[in-house]
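Residue strings, one per chain:
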Amino acid sequence: MNKKIIMSQERLLHGGDYNPEQWLDSPDILKRDLELFLKAGINTVTMGMFSWALLEPEEGRYQIDWLTEIVDQLYQKGIYTILGTPSGARPQWLAKRYPEVLRVDEKRQRNLFGGRQNHCYTSPVYRQKVRKINVILAKELGSHPGVLLIHLSNEYGGDCHCPLCQEKFRGWLKERYDTIEELNRRWSTTFWGHTYQSFEQIESPSSKGELLLHALNLDWKRFVTAQTVDFAAQEKKAIRDGGCQKPVTTNFMGDYDGLNYRKFKGVIDVASWDSYPEWHRKPVPQTAAETAFQHDFMRSLLKKPFLLMESSPSSTNWQEVSKLRKPGILHAASLQAVAHGSDSVLYFQLRQSRGASEKFHGAVIDHYGGEDTRVFQEVCQVGETLGRLSELAGTVQKPKVALIWDTENRWALFDSQGPRNAGIPYKETAEKMYAGMRRLGLDMDIIDMEDDLENYRIVLIPMLYLFRGGIGDKIREFVKNGGTAVMTFWSGVADDTDRCFLGGVPGKLTDVFGLRRTEIDGLYEGEENAALPVKDNFLSLERRYTCRNLCELVNVSDARVLMTYEKDFYKDLPVVTCNQYGKGKAYYICADMEQQFYNDFLEAVQKNDKIEKPLPDIPDGVEVTTRESEEATYVLIQNFNADSVNLKLPDHGCEVIYGETEGSLKGLSSVIIKI
Ligand code: GLA
Ligand code: ZN
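Residues numbered from 1 in each chain as written. Chains lettered and ligands numbered in written order. Predicted model: local features only at pLDDT ≥ 70, side-chain atom pairs only at ≥ 80, totals over all residues. Heavy atoms only, no water.

### Brief notes about the pairing of strand 3 (residues 80-84)
Heads up, the rule is: Categorising residues by exposure relies on relative accessible area from a 1.4 Å probe, with only protein chains included: less than 20% of the type maximum marks a residue as buried, more than 50% marks it as exposed, and the intermediate range marks it as partly exposed. Counting from the N terminus, the helices are the DSSP runs of H or I reaching at least four residues and the strands are the DSSP runs of E reaching at least two. We treat two strands as partners when DSSP finds at least two bridges between them.
With 5 of 5 residues buried, strand 3 lies mostly within the body of the structure. Residues Y80, I82 and G84 point to one face of strand 3 and T81 and L83 to the other, with burial holding for every one of them. Bridging between strand 3 and strand 4 (residues 147-151) involves 4 bridges; their strand directions are parallel. In the sheet register, G84 faces strand 4, and the bridge partner there is H151.

### Let's talk about the side chain of N641
Convention followed: Between N or O atoms, a polar contact is any pair within 3.5 Å; within protein, one atom must be a potential hydrogen donor and the other a potential acceptor, and residues adjacent in sequence are included only when both atoms are from side chains. Working rule for contacts: check all heavy atoms of both residues, and any pair within 4.5 Å makes them a contact.
In this structure, N641 sits in the loop between strand 22 (633-639) and strand 23 (645-646). Here D620 takes part through its backbone oxygen, which lies 2.9 Å from a polar atom of the side chain of N641. Within the structure, the side chain of N641 is placed 2.8 Å from the side chain of N639, a separation counted as a polar contact. Discounting residues that sit within four places of it in the chain, N641 has contacts with P285, D620, G621, V622, G667 and L668.

### Thoughts on the pattern of salt bridges
Worth spelling out the cut-off: Basic side-chain nitrogens of Lys or Arg form a salt bridge, by our definition, when they fall within 4 Å of a carboxyl oxygen of Asp or Glu.
For the structure on display, the rule yields 59 salt bridges. The closest approach of N and O atoms between E450 and K263, which form a salt bridge, is 2.8 Å. Linking E450 in the loop between strand 11 (444-447) and strand 12 (458-461) with K263 in the loop between strand 6 (251-252) and strand 7 (272-275), this pair joins segments that are 187 residues apart in sequence. Looking at E450, the relative accessible area reads 38%, which means it is partly exposed.

### What to know about the domain arrangement of the chain
This is how the line gets drawn: An automatic or database domain assignment is the source of the domain bounds shown. Under the scheme applied, nonpolar residues are Ala, Val, Leu, Ile, Met, Phe, Trp, Tyr, Cys and Pro; charged residues are Asp, Glu, Lys and Arg; polar residues are all the others, including Gly.
The assigned domain composition of the chain is domain 1 (13-163 + 224-392), domain 2 (401-608) and domain 3 (622-674). Domain 1 and domain 3 are separated by 31 Å when their C-alpha centres are compared. Counting residues at the interface gives 25 residues for domain 1 and 14 residues for domain 3. Taken together, domain 1 and domain 3 are joined by 2 salt bridges. Between the two partners, domain 1 and domain 3, sit 12 residue pairs in polar contact (both at pLDDT 80 or more). Looking at the side of domain 1 that touches domain 3, the elements that each hand over two or more residues are helix 9 (284-302), helix 10 (329-339) and helix 11 (374-388). The greatest single-element share of the side of domain 1 that touches domain 3, amounting to 7 residues, is contributed by helix 10. Residue composition of the side of domain 1 that touches domain 3, grouped by class: 15 nonpolar, 7 polar and 3 charged.

### Regarding the sheet that holds strand 21 (residues 622-628)
Going by this rule: Lines fitted to the C-alpha atoms define the axes, with helices restricted to the stretch that makes contact. Angles between their N-to-C directions range from 0 to 180 degrees.
Spatially, 21-22-26-24 is the arrangement adopted by the 4 strands of the open sheet, whose pairing is antiparallel. On the outer flanks of this sheet lie strand 21 and strand 24 (655-658), each paired with one strand and no other. In this sheet, adjacent strand axes meet at a mean angle of 25 degrees when their direction is disregarded. Two elements, strand 24 and strand 26 (residues 670-674), share 3 bridges in a ladder whose sense is antiparallel. Looking at the pairing, E655 lines up with K674 of strand 26. Sheet contacts for helix 10: strand 21, strand 22, strand 24 and strand 26; angle to strand 22, the most-contacted strand, approximately 150 degrees.

### Description of the UniProt feature "domain: Beta-galactosidase C-terminal" (unreviewed entry) in the chain
Quick note on the threshold: UniProt positions are given in the numbering used here, feature names are shortened, and annotations may be inferred rather than shown by experiment.
Mapped onto this structure's residue numbering, the UniProt feature "domain: Beta-galactosidase C-terminal" (unreviewed entry) falls at residues 621-662. Secondary structure over residues 621-662 splits into 0% helix and 48% strand, and the C-alpha atoms at its two ends are 19 Å apart.

### Examining a negative patch on the surface
Going by this rule: Within the patch definition used here, like charges are joined within 9 Å and nonpolar side chains (Val, Leu, Ile, Met, Phe, Trp, Tyr) within 5 Å, considering only residues with over 30% relative accessible area and no salt bridge. What sets the accessible areas is the Shrake-Rupley method with a 1.4 Å probe; for residues, cover comes only from the shown protein chains. Charge counting treats Lys and Arg as positive and Asp and Glu as negative, with His and both chain ends excluded. The atoms used to mark charge sites are NZ of Lys, CZ of Arg, CG of Asp and CD of Glu.
Among the surface-exposed residues, D65, E69, D72 and E140 lie close enough to one another that they form a single negatively charged patch. Take the negative patch: its biggest share by element is 3 residues, from helix 3 (residues 65-76). The residue D65 is located in helix 3 in this model. On the basis of relative accessible area, D65 is assigned to the exposed category, the value being 57%.

### Points about the pairing of strand 1 (residues 13-17)
Heads up, the rule is: Look down the strands so they point away from you; if going from the first strand over the helix to the second traces a clockwise path, that crossover is right-handed.
A large share of strand 1 lies buried, amounting to 5 of its 5 residues. In terms of strand pairing, strand 1 meets strand 2 (residues 44-47) through 3 bridges, oriented parallel. The residue bridging G15 from the neighbouring strand is T44, located in strand 2. Traced from strand 1 through helix 1 (residues 27-39) to strand 2, the parallel crossover comes out right-handed.

Written out as structure tokens, the structure reads:
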């Protein structure tokens, strides 16, 4: 793959959100910012997302000069701009004159002006006003050599239940189902006699109305995504119509589940996201693993380098507790994003605002304004490191392992009123499988059901309740052709409108896995069972592992049983099985197992499949990833423990390009080798 993949930059981007519009009356501050940016190795700023009221102070009167001037000044010093479109927060005049742009909530109440990212994404007026300002920005700044990238809006999200959206929803459904009879059939509306006689009767889900028709809820969420994607596509079109050909992104929020981010694939040229882990709530290595999952998810959207668009240089001010990041965390977290495929480390925010709701959010330059702050010094270190790692820009990851993490599945799973309303361990199961595999240093893609499986050797499939996008056939083909699938309990239960499969589950895959689910037991909080190894099982599993929350009972036809339940009326029934199907293997995990199980089991699977690890011995709490270009392979090794660990690098053919190791790696430090 061609290097320089992002915006022809041969370097990693460093910088972040910058709001000079808040300081236009203080030229000394703007001047000082520039000096400090250069000191900190900042080469990129993101501007304009919240500038609409200044860019268009009255309807139709545009003033872009102040922004152009700042873009110019920054560019002269080698600092590039990511240009935001301002649709995320509208001016007062717009809301007052055209109330239809204001969102209506699920109780059918219209918002007053205020806040942000709360417009109606259907409103023709809003779309038209956004189009106008975007065209003008594209004309004025879209070809400026200092503008790298266009940043659509800011964190798209939420839904609108206004009459315009309702009408659009009905049209979307008509397109999808053609007739009302078909919709009734697919939505199972004969239940409680909620049959629709016409599309006109359909209303979006509401706590004052219909909330228990799962297929309606699912399709509403799909529609909200489709309408938001369409809004973004219109924003992009305006940028292109204004003559700007720069790549386009929008900043996602990791595992925010209000939107199915996959559907933005056709609109964005670069994936980017805002990462705000709570680094000190859990042990740091665990937070690192959870954050890594999110980075991999975001990278896998386009399967090329992504951008870390926002991260806090110290604390946030919107989480329960505004915890400072301990020394060293910022550097490790920043490098971790790069290790997982980011070509940037960008912050929210470069200069702390003086008033309003984010005045206490961490920033590179705080209210004191000096460079002798702990945070500023740490940002300088990050800048220094990124400056030394330019050759990583544009390099890619080529994972052999994928995990299916599917937003539509998540919607259906949590709405299903199934085996455990007290908590469904979807994320937990996905994270346990991910962590178990990542301990081995194997890179992973986090894909969804619409992706192809054929490029992978192992595919992990946690709790894939809903099957869509031909996933059943894909899994079958994948295993038949020699792949290894590891699927868990509560998979293959329902189709894409949440109707249960008839005739045996996992749906259409009972022969591939060599078993059939008969029942699933929900466990109370604190209740446990355990899995015991079957003597001489071919993976040599030897330990006892506890299981909680959900225990599935299966009838095995062809599969081999590797572990069985310890107790309850299903004592001795299978917990872990493996079926040979075609040239591949289909493993099935019947219960919500503890982390240690996934560590041991996935290591045994990796050995059995003879998949090579990048390093032979990886201590706990150490992350290993690999980025490649046509010329070289880079292995990034990060110790997320507080203390040193022993680390043995390959004996031959590798050059240490970053960090120090003499047989050990210090706490929170990293080493990068080039092969
Ligand atoms: C989000 C937004 C930013 C800012 C930060 C604060 O990511 O995009 O504008 O509000 O949160 O953490
Ligand atoms: Zn609306």
